Amino acid sequence: MALYLGVMSGTSLDGLDIALIEQREQPRLLATHYLPMPSDLRQELLSLCASGPDEIARAALAENRWANLAAQGIRHVLAQQGLEAAAIRAIGSHGQTIRHEPSRGFTVQIGNPALLAELTGISVVGDFRRRDVAAGGQGAPLVPAFHETLFGHLGQRLAVLNVGGFSNLSLIEVDSPVHGFDCGPGNVLMDAWIERKRGPSYDADGAWAASGQVQVDLLSALLSDPFFAGSGPKSTGREVFNLQWLDGHLTRLPQYRDEDVQATLLELTCRSIIESLRNAQQSTEALLVCGGGAHNRALMARLATLLPDAKVSSTAAHGVDPDWVEAMAFAWLAHCCLEGIPANRPSVTAAQGLRILGAIYPA
């Protein structure tokens, strides 16, 4: 038995998820903790997703703050569970993605794993994505291998959908390697639009989107982006899909009610997911949803309508809390790194082969 911690902060930048797992043949979730992202740090991390003045120094200072926040959360989990730092074999730290451009040969996650190791007294495994990119891969998504570990035993033709800031699919079939890819925007555009127009950082239950009407011409324009035409392996990020991208389409079309734009953005998320799923996997039997999108009732209902022949449910239906799958995944990835187990999947990222992911920062 070995204990690992996983730390994840995704593109939504709402906070840090920390998961404690016990790794035997199967990972088992033991404890969790969530820390809201301080608003000023969130704004700084968002601004670092685009070029700006003095960005190298700003990124260094921001990642130090990120590491201190993560260390605070880890100390909380240890105290809550009555554990000493020595009881944890390693922390798997995703860090915060500020740039992701595999077509240009790079991806950047900041989070200062060296400082996190110093602050916690626990070895840290970080920088998971660059090894895959170095091997010619997309560096994302990295969770399909973990999804296969969790759900491959079900013996079904199923898809695991993570809806965070962006959405990605893992396609699991009996006697076939797992496949996966990014579908496009998950919550990122809906979150940004409601924050701009109404103040909240997300659309609870998709209620605002449900109050509007999908605008077919706007949806058609959004879906015309070249990203949606490509099949996997593929990945994306804020470099492609952001408010400036949305504004560029809105300025060329009639003025819409704000809630109609939100409804159209939800439809964009759902349509891009289901259309890419239909193209990649025939006769899907079940769609298991994790990430923040699993709590969006309007989104879940629309997915079920668009995929009537499959059972659409949260991963909770199979005993895995949808809020903690990604944090668990990076704890598991730390385990794979220390054990010398390749954790990328060329069928997902198009890397030249299997690779051991992560850089180790000993305590």
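For clarity, every value in this text was computed on a predicted model and none was experimentally measured. (Residues numbered from 1 in each chain as written. Predicted model: local features only at pLDDT ≥ 70, side-chain atom pairs only at ≥ 80, totals over all residues. Heavy atoms only, no water.)

Enquirer: What's the story with the packing of aromatic side chains in this structure? I'm lost.
Expert: Two aromatic rings, taken as a pair, are described by how far apart their centres are and by the angle between their planes. Enumeration over the complete set of coordinates arrives at 6 aromatic pairs. Look at Phe 227 and Phe 241: their rings are 5.7 Å apart centre to centre, the planes differ by 85 degrees, and that puts the pair in the edge-to-face class. Note that Phe 227 is positioned in helix α9 (residues 226–229) and Phe 241 in the loop between α9 and α10 (243–250), a separation of 14 residues in sequence. One exposure class covers both Phe 227 and Phe 241, and it is buried. Look at Phe 241 and Trp 245: their rings are 4.9 Å apart centre to centre, the planes differ by 85 degrees, and that puts the pair in the edge-to-face class. The buried category is assigned to Phe 241, whose relative accessible area is 0%. With relative accessibility at 12%, the residue Trp 245 sits in the buried group. Counting every residue linked through ring pairs, the aromatic cluster contains Phe 227, Phe 228, Phe 241 and Trp 245. Positioned above the aromatic ring of Phe 227, the side-chain terminus of Lys 234 is 4.3 Å from the ring centre. (Phe/Tyr/Trp six-rings, centres within 6.5 Å; stacked < 30°, edge-to-face > 60°. Helix = DSSP H or I, 4+ residues; strand = E, 2+ residues; numbered from the N terminus. Buried < 20%, exposed > 50% of the residue type's maximum accessible area, 1.4 Å probe, protein only. Lys NZ or Arg CZ within 6 Å of the ring centre and 35° of its normal.)

Enquirer: Can you walk me through the packing of helix α2 (residues 55–81) against helix α3 (residues 113–120) in this structure?
Expert: The relative placement of two packed helices is expressed as an angle between their axes plus a distance between the axes. Here α2 crosses α3 at 35 degrees, and the two axes come no closer than 9 Å. Between α2 and α3 the crossing geometry is right-handed. Judged by residue contacts, Asn 64, Ala 67, Asn 68, Ala 70, Ala 71, Ile 74 and Arg 75 of α2 engage Leu 115, Leu 116, Leu 119 and Thr 120 from α3. Of the residues in the contact of α2 with α3, the class split is 7 nonpolar, 3 polar and 1 charged. (Axes fitted to C-alpha atoms, helices over the stretch in contact; angles between N-to-C directions. Left-handed = near helix turned anticlockwise from the far one by under 90°. Contact = heavy atoms within 4.5 Å. Nonpolar A, V, L, I, M, F, W, Y, C, P; charged D, E, K, R; others polar.)

Enquirer: What am I meant to see in the sheet that holds strand β8 (residues 158–163) here?
Expert: Strands belonging to one sheet form pairs held by backbone hydrogen bonds; the direction of such a pair is parallel or antiparallel. The strand order β10-β9-β8-β11-β12 describes an open sheet built from 5 strands, whose pairing is mixed. The open sheet is flanked by β10 (179–185) and β12 (311–314), the only strands paired with a single partner. Direction aside, neighbouring strands of the sheet carry axes that sit 20 degrees apart on average. For β8 and strand β9 (residues 166–172), the ladder comprises 6 bridges, and the chain directions are antiparallel. Note on β9: the bridge partner recorded for Ala 159 is Leu 171. Along the sheet, helix α5 (residues 144–151) makes contact with β8, β9, β10 and β11 (286–290), crossing β9 at roughly 50 degrees. (Pairing = 2+ DSSP bridges.)

Enquirer: Just to check I follow, could you spell out empty space enclosed by the protein for this structure?
Expert: The gaps of empty space that remain are located by a probe, the size of a water molecule, rolled over the atoms. Inspection of every chain in the model, using the stated rule, returns 1 cavity of 30 Å³ or more. Of all the secondary-structure elements, those providing two or more residues to the lining of the largest cavity are α5 and α14 (346–349). Here the residues of the lining of the largest cavity sort into 6 nonpolar, 2 polar and 1 charged. (1 Å grid on protein atoms, 1.4 Å probe; cavity = no way out; pocket = protein on both sides within 12 Å on 5 of 7 lines; lining within 4 Å. Points joined across faces, edges and corners; volume = space filled by probe spheres on them.)

Enquirer: Would you mind going over the UniProt feature "binding site: ATP" (unreviewed entry) in the protein with me for this structure?
Expert: Sites flagged by UniProt as "binding site: ATP" (unreviewed entry) map to Gly 10, Thr 11, Ser 12, Leu 13, Asp 14, Gly 15, Leu 16 and Asp 17. With respect to the helices and strands, the residue Leu 16 is situated in strand β2 (residues 15–23). The class of Leu 16 is buried, set by a relative accessible area of 0%. Setting aside residues no more than four positions away along its own chain, Leu 16 makes contact with Val 7, Met 8, Ser 9, His 33, Tyr 34, Leu 35, Met 37, Trp 66, Leu 69 and Ala 70. The residue Asp 17 is located in strand β2 in this model. Leaving out residues up to four positions away in the same chain, Asp 17 has contacts with Gly 6, Val 7, Met 8, His 33, Tyr 34, Asp 323, Trp 324 and Ala 327. (UniProt positions renumbered as here; feature names shortened; annotations may be inferred.)

Enquirer: Would you mind going over the environment of Ser 170 with me for this structure?
Expert: You can see Ser 170 is positioned in strand β9. What Ser 170 contacts, discounting residues up to four positions off in sequence, is Val 143, Pro 144, His 147, Leu 158, Ala 159, Val 160, Val 178, His 179 and Gly 180. Polar side-chain contacts of Ser 170 include one of 2.7 Å to the side chain of His 147. (Polar contact = N/O pair within 3.5 Å; in protein donor to acceptor, adjacent residues only side chain to side chain.)

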